[in-house]
Amino acid sequence: MKEEVFTFIVGGKAGEGVRKAGSVTARLFASMGRQVFNMDDYGSLIKGGHNFSVVSTAKRKITSHYINADLVVAPDKRSYDIHKGHLSERGIMVYNYDTVGEAEGVGVPLTTEAKKYPKPDLRIGVGAVATVAAVIGSDKEALRNLIKSEYPRDIENNIAYAMTIYDIVYPKIGNKFQLQRGDKERPIVTGNEAIALGAAAGGLDIYYAYPMTPSSSILHYLAAHDKELGVTAVHPENEIAVMNMAIGSAFAGAKTMVGSSGGGFALMQEAFSLAGMVEAPLLCYLGSRPGPSTGVPTHTAQGDLNFALHQGHGEFARIVASPGSMEEAFYLTAEMLDLVWRFQTPGIILTDKHMAESRVTVDIDAKKTRWPETATHSGGEYKRYLDTENGVSPLLFPPSKELIKWDSYEHDEMGVTTEDPSMIAKMQEKRNRKKKAVADYLTNMHTVNVYGNTGPVILTYGSTTMSVLEALRCREIEAMVVQPVYLEPLPVWELEKYKENSVIVVELSCAGQFASLLAEKVGIQPKAVIKKYDGRPFDPVELASRIKEVV
Amino acid sequence: MKEEVFTFIVGGKAGEGVRKAGSVTARLFASMGRQVFNMDDYGSLIKGGHNFSVVSTAKRKITSHYINADLVVAPDKRSYDIHKGHLSERGIMVYNYDTVGEAEGVGVPLTTEAKKYPKPDLRIGVGAVATVAAVIGSDKEALRNLIKSEYPRDIENNIAYAMTIYDIVYPKIGNKFQLQRGDKERPIVTGNEAIALGAAAGGLDIYYAYPMTPSSSILHYLAAHDKELGVTAVHPENEIAVMNMAIGSAFAGAKTMVGSSGGGFALMQEAFSLAGMVEAPLLCYLGSRPGPSTGVPTHTAQGDLNFALHQGHGEFARIVASPGSMEEAFYLTAEMLDLVWRFQTPGIILTDKHMAESRVTVDIDAKKTRWPETATHSGGEYKRYLDTENGVSPLLFPPSKELIKWDSYEHDEMGVTTEDPSMIAKMQEKRNRKKKAVADYLTNMHTVNVYGNTGPVILTYGSTTMSVLEALRCREIEAMVVQPVYLEPLPVWELEKYKENSVIVVELSCAGQFASLLAEKVGIQPKAVIKKYDGRPFDPVELASRIKEVV
Amino acid sequence: MDDLATYAENTWCLGCGNFGILGAFKKAVRILEEKGTGREKIMISAGIGCHGKIFDYLKLSGLYSIHGRSMATIQGMKIANPDLKVVAFAGDGDAFGEGIAHMIFAAKRNADITIILHDNGVYGLTTGQFTPTSEKGFKGPSTPKGSIEEPLNPLALMLEAKATFVARGYPVKLDHLVDIMVQAVEHQGFSFVDVLQPCVSFNNTYKRYNALVEILDHVPDSYQEAISIAKRQDKLPLGIIYKEEKLPYHKALYGDWNPVTKRMSKEERIKRIEALLSR
Amino acid sequence: MDDLATYAENTWCLGCGNFGILGAFKKAVRILEEKGTGREKIMISAGIGCHGKIFDYLKLSGLYSIHGRSMATIQGMKIANPDLKVVAFAGDGDAFGEGIAHMIFAAKRNADITIILHDNGVYGLTTGQFTPTSEKGFKGPSTPKGSIEEPLNPLALMLEAKATFVARGYPVKLDHLVDIMVQAVEHQGFSFVDVLQPCVSFNNTYKRYNALVEILDHVPDSYQEAISIAKRQDKLPLGIIYKEEKLPYHKALYGDWNPVTKRMSKEERIKRIEALLSR
Ligand SMILES: Cc1ncc(C[n+]2csc(CCOP(=O)(O)OP(=O)(O)O)c2C)c(N)n1
Ligand SMILES: Cc1ncc(C[n+]2csc(CCOP(=O)(O)OP(=O)(O)O)c2C)c(N)n1
Ligand code: SF4
Ligand code: SF4
Ligand SMILES: [Mg+2]
Ligand SMILES: [Mg+2]
């Protein structure tokens, strides 16, 4: 690992502010104008267990955390034991002397000091932040301001505690890692926040969701900022209600979006097909976690690709896209909202826990999005399912003197139910034509990201793109990274170029679904498929070695 | 069309015994030792509208109805108008003089005669049957017996009415089509009956379903014959209950099956994935109709192929098979029950309305099925998810002193929840290994039907196989028909042989899903894809011309 | 000329109770128009079943939904544009089988929607299976020896779920049903109309209903009274059984906002996003 | 030594009401064993949520189901082998949100199952959103300004759905809860135990419950009385609120058949199929 990257890990029990400490540290680095990638590893529980937060920072763009840290803060024995294996060569272990006792590294009486204040358990995170501040040589004023803005409750005690820890740590390892300032201070967002904001920037009116990790934070974010953004957030009784309400809202003209994870999304499939039939513009968010079934709720995987591509019974057009960075998550969501409205068919933003919940510094220009453009009825008798060349019929919203009928049965152009063979065939063709219309439209859009221009071709998608890019960066491997942003329709026209190359596929799947997709649709026969399926994202260093092994 | 086939159509309003008349006529032909194919074309309504039943019969095997008939009975004007276009060259139209008036064909006062008895509307079907009997020269005794056994309510009046009509028709066109007797009397079953019986023959204990066309008749059949077959049939509150109850029953050791159509099956997908995770042996029946969404409920299509192949989030083995004849429907269902129990993973029998509801004479030997063989625990400490070479762990059923835990979360071998990365990876591999185990096992089984041995290769599947075979028969086209019975895993090892051939694909789909599957998985680039997607099955004559056009 | 009819062929069985519901609703729409609610503001939806066909027969805008979901569909319409009046025609299998969760929650949150239940005690369109409201012992193709389950009481269940308008009508008492429908649509909150609908093909209840129905002479004064009326077995009281004024869901959710007509401008939205990002 | 515990690490928050439920159920199992129901006959299931973790902690066989479906899972177990006793641990979000249809229908058909509701008024495991039983005004991440929906009353709803055994327990009254659990499992039919479960992290109700609970001194004599007890607001009565003997579903379905232990032989089955085919 090039020393330009600095990594900090803080472990501990859930409910003790570990994740908070990670995010505050990320903020500290960001305030220095540095870039940050912060990943939380936590279990499906509220308090206890073992949690950790990894924050990696660099002056340049950074697209992954690193699992080996320069600084570990271990508030308890379990953290000490687990994370001593995560120290980099130059790494320092700062541990809680009160819980770990005599051990290798730097012991700090985090608990003894915390006990001087009420609710000592909740302070340990503040101690971890103070430790980082001391180690990177932040001045006390900066630390004080940080605590003030990030721990608004019981500020005075928190500041006092932070100062004490800073003063204990500083003489031992203060200023050990002098981090340089970066170019500018950037906002930090999670993938889900980027998507929520991207949807808002793209014109979202209503968001429906039933909580399910790792999609819940979109609902929480939009519920918290509803008035501010002019977006309505609704949490109904179940996912089936979510999807059907959303379709009802789309009928009434609202730009709607729904979100869930595999199990909840599975429940929406009947209505997904309904959206295909009534030609409802509907954007869905699918945040993956390791499956099948309940699986491993708070961890990550890319095992829902085929599931996303083939949802709903019957034949109709759908659009599936997966962003490869937080910025792309933002822009792509707005773009997808436009596409589903343009083609009046359901679409899916596919991502996973790693992207959904990791916190990253971003450069986002909110102005660079546009609001959906839709074919709208321009007068005369309205026919909801007017048979047009590209299969897309003009929209009209109630209230209107014209009759607007959306129909889940096969129907004629007016939206009245039919069993007539020639009408059935005509409407099947109309809906199927939209597939071509979507594909044609995408041909003129940017559908594949290509990074680099020499070396072996690495094909990847979604959050794994971030891991691959960081792996190449950290070991200075020259390669071309090709990431289809759209997965349905798959931009075969772009990908075919790489058919003759020596290709490596990287994905978080045991079955190798992405590799199969490329083989089946594009004819790419990869030289190697690098897979991971233990619920954890790739570590760039480990991934770099695996890439080197196969090139 | 070779004259060896005789076709009869009866039309009329729903609720007036049209379908019954078709099935009774089928029985009449079968009782002559002839073979029969009887297809009902009906709408989504209870009374009124326009219905018709087509019965084609031959002395040889016959695997489709023909849309052009030698005899039409038209009880009303609408039937007359619709079906006069369905007369073969030698065809005779017998119409109800009371409703149609003076017209081409043979007028019979069906209503006037019926009015001599109570509930005249319900008798018209009997009149149609009597007409057929007269036209094919059945004697009155045979007709009397048929009416007696098939119309058990109000027998005397029905017989009297039948005799009257026979006597009116006979002098005009009696004995016009002398049908020869065939080799032996065969039972007539619908595809759904074959599947219900096949499941029973394969050891089914419990069937769960929520009504949905065209799957409902399995539920009805098993509910009607529950005690007789020792099968329990349950109709719960919705499809989600269906699937989850079934999994609970499998846990307790019962061979279970569930059935639905697209929309209902979509609702089962969350639990389908659960079955994958807990490794529940579970057989599902999916009867297709034109989609998406509600679509055309009482008609037919093969548009749910991709949907069936990719159900459920996450990665796990599944088996999908589609029978190509009623006999195969019977045997395959038993075979699939064995497979899902052998590999403890969900499986799907995919079919469509055309197979589910058509009535056909069959040669079935019920003894030629076996009961599921399962890996069972043989003693010592029990581990539900014992990690074995092929991924299949022994089963043990409660009550037992051993601990039996099935878990929807990722779990260890005992079935206790885990978030441990190496255990997650191990279990992902275990479940994914089953895919290979299934494929290996299938390699030694009969997975592809091949009919004929010269000429162009026609690839088809499911009910369309029946249409293709009849098309070839009726126009004496020489071709090889290749029908994969298994669709997941697709027997690529068998199908690869045809890669270099000039291949024609035939399917009931607008998108050409089957053709795409063959292209993507096998590399077959068909010369032509013959598609139909108006909700109706192929007519053999029409299909034969389309085949001739492209070969 | 019937300007509320479409060209769709009516395929209900002769004598079906649905004809009365269709007729009553047309009358109700005309009255609502007179009272100022134009038909272009009345959105309809329906489940799948015989009842659902009313969607095709009515020349009103809306969305023909799927089995058990029309009450979710119209909630979505209402939330998107609260200026609309939304009505779902539901079947008993539809609303109290597949869709029961939506019914209970729509009531619980006082969604401003109207549900008209075509309560025929049978899955009509799928050929006569028992439904959640079928009597014990009901014989259908999935229960050839008779249903072994207790029926649900739709009125009592909706009252338990906190519905703010609960009524029962009978198409044979057409004008009475029309009046209930008008009031149900006008009610600001969750309104539920249980229509006793004979199914001549699978559950012909005309005789029984004709003998048992009884028009209420007043709207009960209390929830308690409503409950006991809902549970009467000796008679089938018709009329508004319960009515309560309560803030409807969309108002509690966003006051007098309207996501569609009061949509924030793009510029404003972007400004606010930028502010959030720079926080 | 606790032979009803597994090696799974307990990850409930310190002080969580779930500990009491776990402890009580273990005691109940021991009592049931003494009374002749061996633990190998007691199958458990659970939804997803904090409550569901009890599945991992109990050394009892069963199936860890999915969100809202454990009551369907155990109905399937019971139908397959009625010799088993089946118990589902459910969350309030689980049972009255996602799974409400199964709850109502299991009650309605008197399925011989036991539901133990970990009623904490919150989606615990997904970090504190409001549930169907949360009070109006409850603040969680999906309702930061407070829930705008009325809560459901689980006891009253189950009574309305014709449950034949309805009870309320509180882990602080441990032995009382144990006794309820024993009787619930023994009851032949649908038994529902609403356990008031404080969630110290998101909905700490200990104080309120301690002040309001009151152990009933008798099982109410009538359905009417049961309903009014279920609806009391001033107090939270604990105990068996309703109990009725009625033929359980599986018996109505197939008498004393057992699909698994009385399975027909293959030969017999084939014979009958042949007979059906040749009819
Ligand atoms: C998810 C799903 N399951 C099953 C069906 C099949 N289905 C169509 S209508 C119907 C029942 C209709 O009964 P009800 O709602 O009472 O309506 P009715 O026909 O009696 O008016 C069913 C089960 C379906 N369309 N969708
Ligand atoms: C279909 C589905 N939707 C959503 C989730 C996410 N989820 C897991 S637990 C839970 C809520 C749990 O609440 P409750 O049942 O009250 O249990 P508690 O944690 O309070 O014990 C949710 C929504 C899921 N697992 N499955
Ligand atoms: S089956 Fe019953 S509900 Fe359906 S149209 Fe006929 S009478 Fe009406
Ligand atoms: S979050 Fe609440 S319910 Fe969950 S373990 Fe903690 S205290 Fe118990
Ligand atoms: Mg009905
Ligand atoms: Mg809860």
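Residues numbered from 1 in each chain as written. Chains lettered and ligands numbered in written order. Predicted model: local features only at pLDDT ≥ 70, side-chain atom pairs only at ≥ 80, totals over all residues. Heavy atoms only, no water.

Student: I keep staring at the overall build of chain A and nothing clicks. Help me out?
Tutor: Counting secondary structure elements, chain A contains 21 helices and 21 strands. Since a compact globule built from 551 residues should have a radius of gyration of about 24 Å, the 25 Å found for chain A is in line with a globular shape. For chain A, the spread of C-alpha atoms along the three principal axes comes to 85 × 55 × 40 Å. Residue burial in chain A is summarised as follows: out of 551 residues, 72% are buried. Of the contacts made within chain A by residues no fewer than 6 positions apart, 73% connect residues no fewer than 24 positions apart. (Helix = DSSP H or I, 4+ residues; strand = E, 2+ residues; numbered from the N terminus. Rg over C-alpha atoms; globule rule 2.2 N^0.38 Å. Buried < 20%, exposed > 50% of the residue type's maximum accessible area, 1.4 Å probe, protein only. Contact = heavy atoms within 4.5 Å.)

Student: How do you make sense of the site of ligand 1 when you look at a structure like this?
Tutor: Neighbouring ligand 1 are 23 residues; Glu239 of chain B together with Cys50, Asp92, Asp94 and Val122 of chain C lie closest to it. More than one chain approaches ligand 1, the contributing ones being chains A, B and C. Take Cys50 of chain C: an N or O atom from its main chain is 2.7 Å from an oxygen atom of ligand 1. Between ligand 1 and Asp94 of chain C, the relevant distance is 2.8 Å, taken from an oxygen atom to a main-chain nitrogen or oxygen of the residue. In the complex, the protein chains occlude 98% of the 590 Å² of accessible area that ligand 1 would expose alone. Residue assignment for the shell around ligand 1 shows that the elements contributing at least two residues are α12 (262-267) of chain B together with α4 (92-98) of chain C. It is α4 of chain C that contributes the most residues to the shell around ligand 1, four residues altogether. (Near = heavy atom within 4 Å. Polar contact = N/O pair within 3.5 Å; in protein donor to acceptor, adjacent residues only side chain to side chain. Areas by Shrake-Rupley, 256 points an atom, 1.4 Å probe, with all protein chains shown as cover.)

Student: Help me out: how do you make sense of the sheet that holds strand β2 (residues 35-41) of chain A in this one?
Tutor: Sheet strands pair by backbone hydrogen bonding; their relative direction is either parallel or antiparallel. All names here are of chain A. Taken together, eight strands build an open sheet; the order of strands is β6-β5-β4-β1-β3-β2-β14-β7 and the sheet is mixed. Both outer strands of the open sheet, β6 (106-108) and β7 (188-190), are each paired with one neighbouring strand and no more. Taking the axes of each pair of neighbouring strands and ignoring which way they run, one obtains an average angle of 20 degrees across the sheet. As paired strands, strand β4 (residues 69-74) and strand β5 (residues 87-96) are joined by five bridges and run parallel to one another. Residue pairing across strands places Leu71 opposite Ile92, the latter belonging to β5. In the packing of helix α7 (residues 155-173) onto the sheet, the strands contacted are β5 and β6, and the crossing angle to β6 comes to about 165 degrees. (Pairing = 2+ DSSP bridges. Axes fitted to C-alpha atoms, helices over the stretch in contact; angles between N-to-C directions.)

Student: So what exactly am I meant to see when it comes to the packing of aromatic side chains here?
Tutor: A ring pair, where both rings are aromatic, is described by two values, the distance of the centres and the angle of the planes. Residue and element names in this part refer to chain A. Applying the stated criterion to the full structure yields 44 aromatic pairs over all chains. Here the aromatic rings of Tyr166 and Tyr170 are separated by 5.4 Å at their centres, their planes lie at 20 degrees, and the arrangement is stacked. Residue Tyr166 and its partner Tyr170 are located together in helix α7, separated by four residues, close to a single helical turn. Take Tyr166: its relative accessible area is 7%, and that puts it in the buried class. The structure contains a cluster of three or more aromatic residues connected by ring pairs, namely Phe265, Phe272, Phe307 and Phe316. Positioned over the ring face of Tyr151 is Lys20, at 5.4 Å from the centre of the ring. (Phe/Tyr/Trp six-rings, centres within 6.5 Å; stacked < 30°, edge-to-face > 60°. Lys NZ or Arg CZ within 6 Å of the ring centre and 35° of its normal.)

Student: Honestly, the coordination of the magnesium ion (ligand 5) in this entry has me stumped. Any pointers?
Tutor: Ideal donor angles around a metal are set by the shape: a four-donor tetrahedron calls for 109.5 degrees, a six-donor octahedron for 90 or 180 degrees. Residues and elements named next belong to chain C. Around the magnesium ion (ligand 5), the donor atoms from the protein are Asp92 (OD), Asn120 (OD1) and Val122 (O), and they sit 2.0 to 2.1 Å away. When the donor residues of the magnesium ion (ligand 5) are listed from N- to C-terminus, their spacing reads D-x27-N-x1-V. For Asn120, a relative accessible area of 6% puts it in the buried group. (Donors = N, O, S within 2.8 Å, 3.2 Å for Na, K, Ca; no water.)

Student: What's the story with the domain arrangement of chain A in this structure? I'm lost.
Tutor: Many analyses report the size of an interface as the accessible area lost when the parts associate. Residue and element names in this part refer to chain A. According to the domain assignment, chain A consists of domain 1 (5-173), domain 2 (188-368), domain 3 (375-445) and domain 4 (448-550). Taking only C-alpha atoms into account, the centre of domain 2 sits 24 Å from that of domain 4. Between domain 2 and domain 4, the residue contacts involve 28 residues of the former and 24 residues of the latter. Here domain 2 meets domain 4 over a buried area of about 2,100 Å², counting both sides, of which 55% is carbon and sulfur. Considering only the surface of domain 2 that becomes buried against domain 4, Gln302, Leu305 and His354 emerge as the three largest contributors, covering 30% of it. Our count for the domain 2 to domain 4 interface comes out at zero salt bridges. Secondary structure elements with two or more residues in the side of domain 2 that touches domain 4: α14 (305-309), β12 (319-321), α15 (326-343), β13 (346-352) and α16 (353-357). Ranked by the residues each element gives to the side of domain 2 that touches domain 4, the list is headed by α15, at six residues. Here the residues of the side of domain 2 that touches domain 4 sort into 14 nonpolar, nine polar and five charged. (Domains from an automatic or database assignment. Buried area = accessible area lost by both parts, 1.4 Å probe. Salt bridge = Lys/Arg side-chain N within 4 Å of Asp/Glu carboxyl O. Nonpolar A, V, L, I, M, F, W, Y, C, P; charged D, E, K, R; others polar.)

Student: When you look at the coordination of the magnesium ion (ligand 6) in this model, what are you seeing that I'm missing?
Tutor: Residues and elements named next belong to chain D. Within the protein, the atoms that donate to the magnesium ion (ligand 6) are Asp92 (OD), Asn120 (OD1) and Val122 (O), at distances of 2.0 to 2.1 Å. Within one chain, the residues donating to the magnesium ion (ligand 6) are spaced in sequence as D-x27-N-x1-V. Highlighted residues: Asp92 in helix α4 (residues 92-98) and Asn120 in the loop between β4 (114-119) and α6 (154-160), separated in sequence by 28 residues. For the residue pair Asp92 and Asn120, the accessibility class agrees, reading buried in each case.

Student: Hey, could you run me through the environment of Ile66 of chain C in this one?
Tutor: Tracing the backbone shows Ile66 of chain C in the loop between β2 (62-64) and α3 (70-80). Between the alpha carbons of Ile66 of chain C and Cys16 of chain C there is a distance of 22 Å; along the sequence they are 50 residues apart.

Student: Where do I start with helix α1 (residues 18-34) of chain D in this structure?
Tutor: Residues that lie three or four places apart on an α-helix share one face, since the helix turns once every 3.6 residues. All names here are of chain D. Here α1 is 17 residues long and its end C-alpha atoms lie 24 Å apart, about the 24 Å a rise of 1.5 Å per residue gives. Where α1 is buried, its residues meet β1 (42-46), α2 (54-57), β3 (85-91), β4, α7 (174-186) and β6 (191-196). Positioned one or two residues after α1, Gly36 has a phi angle of 110 degrees, which is positive. (Expected span 1.5 Å × (residues − 1).)

Student: Whenever I open this one, the relation of the copies chain A and chain B confuses me. Can you help?
Tutor: Both copies of the chain are tied together by a single rotation about an axis and a shift running along it. For these two chains of identical sequence, chain A goes onto chain B by a turn of 180 degrees and a shift of 0.0 Å along the axis, with RMSD 0.1 Å. Between the two chains, the operation in question is that of a two-fold axis. When C-alpha distances to the rotation axis are compared across chain A, the minimum falls at Glu520 of chain A, with a value of 2.2 Å. Here 100% of the interface residues in chain A have copies in chain B that are interface residues too; the copies meet face to matching face. (Least-squares fit on C-alpha atoms with pLDDT ≥ 70 in both.)

Student: Just to check I follow, could you spell out helix α18 (residues 464-475) of chain A for this structure?
Tutor: Residues and elements named next belong to chain A. For α18, with twelve residues, the first-to-last C-alpha span of 17 Å sits near the 16 Å given by 1.5 Å per residue. Where burial is concerned, most of α18 is hidden: ten out of the twelve residues are buried. Two residues or fewer past α18, Glu476 is found with a positive phi of approximately 50 degrees.

Student: Hey, could you run me through the interface of chain A and chain C in this one?
Tutor: At the interface, 65 residues of chain A touch 53 residues of chain C. Summed over both partners, the interface of chain A with chain C buries about 4,700 Å², with 62% contributed by carbon and sulfur atoms. In this structure, the salt-bridge partner of Arg69 of chain C is Glu270 of chain A, at a minimum N-O distance of 4.0 Å. In this structure, the connection of chain A to chain C is made through 26 residue pairs in polar contact (both at pLDDT 80 or more). Taken together, the elements giving at least two residues each to the side of chain A that touches chain C come down to α8 (191-201), β8 (206-209), α10 (226-229), β9 (232-234), α11 (239-251), α13 (269-278) and β15 (405-407) of chain A. Of all the elements, α11 of chain A adds the most residues to the side of chain A that touches chain C, at eight residues. Among the residues forming the side of chain A that touches chain C, the class breakdown is 36 nonpolar, 14 polar and 15 charged. The pairing of β15 of chain A with β2 of chain C spans three bridges and is parallel. Bridged to Trp406 of chain A within β2 of chain C is Leu63 of chain C.

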